[in-house]
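Coordinates in review
Listed below, chain by chain, are the residues.
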Amino acid sequence: MKAAILGISGYTGMILLRMLADHPEIKEIIPVSSSKPGEKIIDIDPGIGKAVMEKTAALNNCVVDISSAVTQKPDVVFAALPHLASATTCEPFFGKSVVIDLSADLRIKDHDLFQKAYNTPPPRPDILKIAVYGLCEIYEKEIKKADVIANPGCYPTCTLLPIIPLAAKGFIQGTIVTNALSGISGAGKKATIGNLYVERTENTCAYLPGKTHRHFTEIKKELDSFDKSLEIFFNPHLVPIKRGMHAASVVSLKSNVSEQDIEKVYNEYYGNKKFIVLKGKKLPETRDVWGSNRCDISWQIQDGKILLFSVIDNLIKGASGQAVQNMNIRFNFDEALGLKQYGEL
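Here's what I pulled together on the structure shown here. The shown structure was predicted, so the numbers you read here are calculated from the model rather than taken from an experiment. (Residues numbered from 1 in each chain as written. Predicted model: local features only at pLDDT ≥ 70, side-chain atom pairs only at ≥ 80, totals over all residues. Heavy atoms only, no water.)

One can describe the packing of helix 9 (residues 154-168) onto helix 12 (residues 259-270) by two numbers: an axis separation of 10 Å at closest approach and a directional angle of 110°. In terms of orientation, helix 9 lies roughly perpendicular with respect to helix 12. Considering the relative orientation of helix 9 and helix 12, their crossing is right-handed. Contact with helix 9, carried on its side by Leu161, Pro162, Ile164, Pro165, Leu166 and Ala168, involves Ile262, Val265, Tyr266, Tyr269 and Tyr270 of helix 12 and no other residues of that element. (Axes fitted to C-alpha atoms, helices over the stretch in contact; angles between N-to-C directions. Helix = DSSP H or I, 4+ residues; strand = E, 2+ residues; numbered from the N terminus. Parallel < 35°, antiparallel > 145°, perpendicular 65-115°, else oblique. Left-handed = near helix turned anticlockwise from the far one by under 90°. Contact = heavy atoms within 4.5 Å.)

So this is what it looks like as C-alpha cells:
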C-alpha cells in the first residue's frame, strides 16, 4: 500500500514518516512538501533511518510536490498541513485516495460554527458533507466506511474521551470546567517569540480561556451530539515540556448516579479498546503515555461532582498516532498496527 504525507517537515509529518516506516502494510511512502521539492529527505530530517530510505527509494529518497504525488496514486493521503490550507491542497486526492486530514478544515460541519472558530468560511464546504470525525474510540463504525477523515485536535481528543461516555448516558449535568495543559509542540513548528526556550522554560500560563480558544467550538459541537444541555468552559495552558497533554475536568453528577454506574459505563465504552487505559482513582501522568497512542483516564467523585483526568501524547494520540489508527480502522488492519501501547522511558 502507498501512503503520501503532505507536509513532512512539521512535527506531525516527521512523526508520520517514522510511524509509516515501521508499518508492515505500508510498502511505499511518498513524502510531499510544497516548499522543499527535490530535496533529500535526510537533509530535511536527519533523524530518519534506513526503513524510511527503503520505503522512499522509488523517489530516490527525495521530497516531491503535490502534482508528482498525484501521479503516484497513493492509497491513503495524510495531510499534515496548516489550518485553512489543508483541504484545498488535498483537492487532487479527493475521490481517488482515502484522505486523512490532520488540520481543522473538515472537523466542523456547521458553516456558522466554523466561521465563529476560524473567522473565515470553511475552505471546502462540499467535502464537509462526507468527512467523518475521526475520534477512533467513538466513531469506529463511521470511520470504516469513510473516504475523508477529519483527524481530531489534541485538546478535543484528551478532553472528550473521558466526558463522552458520561454525556451519552445522561450521567452529568450543568457546566463542565476543563483545565488542559499542553506541551510546547502543540503550537507547531513555527518560529514565534512565544515559543522560544527563554520564553517558555520555567513558565506556565493560560491562554484564550473560557470560550475563546478555537478548540472550544470543536469540543462543544461534539458534546452537543450526545447532550445539548451541557455547557463547557475550556481553559488551555502552556507548560514547559516538549510533548504531553493533561486535561482535568469537573462537572456535576446527577443525584442517582453511583460509583458503580461510572465504572460500568467506562468499561462498556472502553473496556476492550487497545488505546484507552482506565485507571480508576489513580491519577494519570503524561510520562506514562509519552511516545504512545494511549489515552489514560481516571475519575473521582467528590461532593456530588465527578473529577475527570486524562493524559495523551499530543503529537501521537493527539495527531499522528490517531491518524494512523484511523487508517488502520479504515483499511481493516489490526487497529494497533504500527502504534505503541506503552509509554517510553
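As a further point, take the pattern of salt bridges. For the coordinates displayed, the defined rule picks out 18 salt bridges. Here Arg124 and Glu91 are joined by a salt bridge, their closest N and O atoms 2.1 Å apart. One end of the pair, Arg124, is in the loop between helix 6 (111-118) and helix 7 (125-128); the other, Glu91, is in the loop between helix 5 (86-89) and strand 4 (98-101), with 33 residues separating them in the sequence. Connected via shared salt-bridge partners are Lys279, Asp288, Arg294 and Asp296. (Salt bridge = Lys/Arg side-chain N within 4 Å of Asp/Glu carboxyl O.)

Following the sequence through the fold, Leu307 ends up in strand 13 (residues 305-312). Along the sequence, Leu307 and Val177 sit 130 residues apart, while their C-alpha atoms lie 9.8 Å from each other. Beyond its immediate sequence surroundings of up to four residues, Leu307 is in contact with Ser249, Val250, Ser298, Trp299, Gln300 and Gln302.

Before going further, it helps to examine the packing of aromatic side chains. For the structure on display, the rule yields seven aromatic pairs. Relative to Tyr270, the ring of Tyr269 has its centre 6.0 Å away and its plane inclined at 70°; by these criteria the two rings are edge-to-face. Its relative accessible area of 23% is what places Tyr269 among the partly exposed residues. These aromatic residues form a ring-pair network of at least three members: Tyr266, Tyr269, Tyr270 and Trp299. (Phe/Tyr/Trp six-rings, centres within 6.5 Å; stacked < 30°, edge-to-face > 60°. Buried < 20%, exposed > 50% of the residue type's maximum accessible area, 1.4 Å probe, protein only.)

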